[in-house]
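Residues per chain are reported as follows:
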Amino acid sequence: GVNLGTVRIAVGSRIVLSSSLLSFTDGDGGPEMTRFKWVNKSRSVLPARLEHYQNPGSPLSHFSQDDVNKGRVMVSHLGGTSEEKFSLHFQVTDGEGALVPFNMSVVPYRGVLLLIHNKRLSSEYHKQIAITPAQLLAATSFDNQEPRPPVTYTVVSHPRSGVLALKSRGSDQLLELTSFTQADINASRIVFLHNSSRSVSRDSFSFRLSSGHLLLPALYTFNISITLPPVSIRPRLSVSSNQLFIAEGALQILPPNLIEVDLVPSSATGGPFEIIIKTPPAQTHVTILRSFVPIRGNRFLLSDMQTRRVQFVHDDSEEIHLPIAFCVA
């Protein structure tokens, strides 16, 4: 016969239809031959439908017991405000006998999204620091549903004295972002990089919080405190390579480690450091990406280069060796 469980699903979310919720044991042809058919007998629009895990968003009407056993079938709740119990109607056959009808009960419930931690981050002047779950943590109550919708932070306003960035997997490359997930925070991939010369000891960014169809209406502020340098320092610039190759008429992003700045004395802290192109060649120009918009100039911050936002653009079609001199301020 058909073995059924009651599907408990959060409003607006998805749950995998496992074999503990649906199985047919009388068939002789194996799980591949046991075929289910979803039949919508409701006169009104149902608040849920079946979907394949590789094609979420599209209705699924036919599937096998093997699909269920391998977690390929999902029940998707379409949202709304109703939490009333309803039924999904099916027919099943083992490929030899007649179609057997049965109903599956679905009980929706309202999921909860909570902001658990929102604590101040302490950053050193012109340093990079990761945001951890001890400072920023949110979670949902979706029981044991899989796949669970990710908790997403959408940035509304960015820090003024630094960059909120995503650290690439397996490298130190930093990418500007407009949103991130709790999983990114848990993996230490969300960092704040201080890059301002202003003597401001406090900064912040604001965000909204969502998970699947759950959206908290509040606008939250994440605060950052910055330790200012106690003494004046002398920066010392070094270039890791004496050549930079640019294709004719093309652009080249400056490598993040092309220019390095050491502090004298070495125990001092300071920054941020502004790199100035003292002798820009006539056949090239430099653009710096600000909020993804290229701005032309001959001055940029060291952190701009570290986040791959500085581009050398070759304006001519002639191949030539172009000397370039840098200094640091």
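Our subject in this report is the structure included herewith. (Residues numbered from 1 in each chain as written. Predicted model: local features only at pLDDT ≥ 70, side-chain atom pairs only at ≥ 80, totals over all residues. Heavy atoms only, no water.)

**As for the side chain of Asp67**
Counting through the fold element by element, Asp67 comes out in helix H1 (residues 65–69). The class of Asp67 is buried, set by a relative accessible area of 14%. At 2.9 Å, the side chain of Asp67 forms a polar contact with the side chain of Arg72. Apart from the residues within four sequence positions on either side, Asp67 is in contact with Arg72 and Val73. (Helix = DSSP H or I, 4+ residues; strand = E, 2+ residues; numbered from the N terminus. Buried < 20%, exposed > 50% of the residue type's maximum accessible area, 1.4 Å probe, protein only. Polar contact = N/O pair within 3.5 Å; in protein donor to acceptor, adjacent residues only side chain to side chain. Contact = heavy atoms within 4.5 Å.)

**Remarks on the pattern of salt bridges**
For the coordinates displayed, the defined rule picks out five salt bridges. A salt bridge links Lys70 to Asp66; the nearest nitrogen and oxygen atoms lie 3.5 Å apart. A network of salt bridges, in which partner residues are shared, links Asp66, Asp67, Lys70 and Arg72. (Salt bridge = Lys/Arg side-chain N within 4 Å of Asp/Glu carboxyl O.)

**Re the sheet that holds strand E13 (residues 128–130)**
Taken in spatial order, the four strands make up an open sheet running E13-E19-E16-E17, and their pairing is antiparallel. Each edge of the open sheet carries a strand with a single partner, namely E13 and strand E17 (174–176). Mean inter-strand twist for the sheet, computed between neighbouring axes without regard to direction, equals 40°. Note: E13 against strand E19 (residues 190–194), three bridges, orientation antiparallel. Looking at the pairing, Gln128 lines up with Leu193 of E19. (Pairing = 2+ DSSP bridges. Axes fitted to C-alpha atoms, helices over the stretch in contact; angles between N-to-C directions.)

**Considering the environment of Ser105**
Relative to the helices and strands, Ser105 is located in strand E10 (residues 100–109). In this structure, the C-alpha to C-alpha distance between Ser105 and Thr6, residues 99 residues apart in sequence, is 5.3 Å. In contact with Ser105, not counting residues within four places along its chain, are Gly5, Thr6, Val7, Lys85, Phe86 and Ser87.

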